[in-house]
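# An overview of the molecular structure
Listed here are the chains, written in short residue letters.
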Amino acid sequence: MAIESNQVVAMMYELKVDGEVVDSNIGKDPLEFTYGTGQIIPGLESRIVELNEGDSKDITVPAAEAYGEYNEEAKQVLPKEQFGDLELQVGMPLQGQGENGQPIQVIVTDIKEDGSVEVDFNHPLAGKELNFSITINSIN
């Protein structure tokens with residue numbers, strides 16, 4: 001039986017970006033989510049609808065249907081004082097709060113000579129094509 005809205009799906013996955021494994025639950029518990037409720041990225045959810053329990057498939061999700069295209073304007077330069085006593089390094093991920101109070105992750109992309117800090121609000125996988133290898137364990 002193929003997947004329908006509001007069913008709980010359990011699946012194993014391996015995610016590759018540019019040929020490199022960036023996430024996987026192989027050897028761990030399956031990822032469980034309720035289909036049709038936006039708990040996984042839209043491009044993956046839309047591509048598993050025809051699958052049945054036990055099916056395996058390689059799925060490519062374009063950036064626009066995953067974490068979006070990379071937005072150069074999603075960078076901001078902030079005064080170092082906003083980071084308190086943190087010892088900042090380029091590439092360091094930081095947790096912050098968005099406009100609506102939701103948690104957001106930013107990456108330090110530059111520490112300028114004047115002490116200001118450039119951060120990138122893009123998701124780390126923005127602009128990337130995602131390549132999943134999945135197996136549907138169960139559909140309930």
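Below you will find a few notes about this structure. (Residues numbered from 1 in each chain as written. Predicted model: local features only at pLDDT ≥ 70, side-chain atom pairs only at ≥ 80, totals over all residues. Heavy atoms only, no water.)

### Some points on the nonpolar core
- Leu44, Ile48, Val61, Leu130, Phe132, Ile134 and Ile136 are the most contacted members of the largest nonpolar core, which has 22 residues in total.
- For Leu130, the contacting residues outside a window of four places in its chain are Leu15, Lys16, Val17, Ile41, Ile59, Thr60, Val61, Ala66, Tyr67 and Leu125. (Core = buried A, V, L, I, M, F, W, Y, C linked by side-chain atoms within 4.5 Å. Buried < 20%, exposed > 50% of the residue type's maximum accessible area, 1.4 Å probe, protein only. Contact = heavy atoms within 4.5 Å.)

### Here we look at unusual backbone geometry
- Of note, Asn6 is a non-glycine position whose phi angle comes to about 70 degrees, a positive value.
- Structurally, the position occupied by Asn6 is in the segment before β1 (8–17).
- In this structure, Asp18 takes a positive phi of about 55 degrees despite not being glycine.
- Residue Asp18 is classed as exposed on the basis of its relative accessible area of 64%. (Helix = DSSP H or I, 4+ residues; strand = E, 2+ residues; numbered from the N terminus.)

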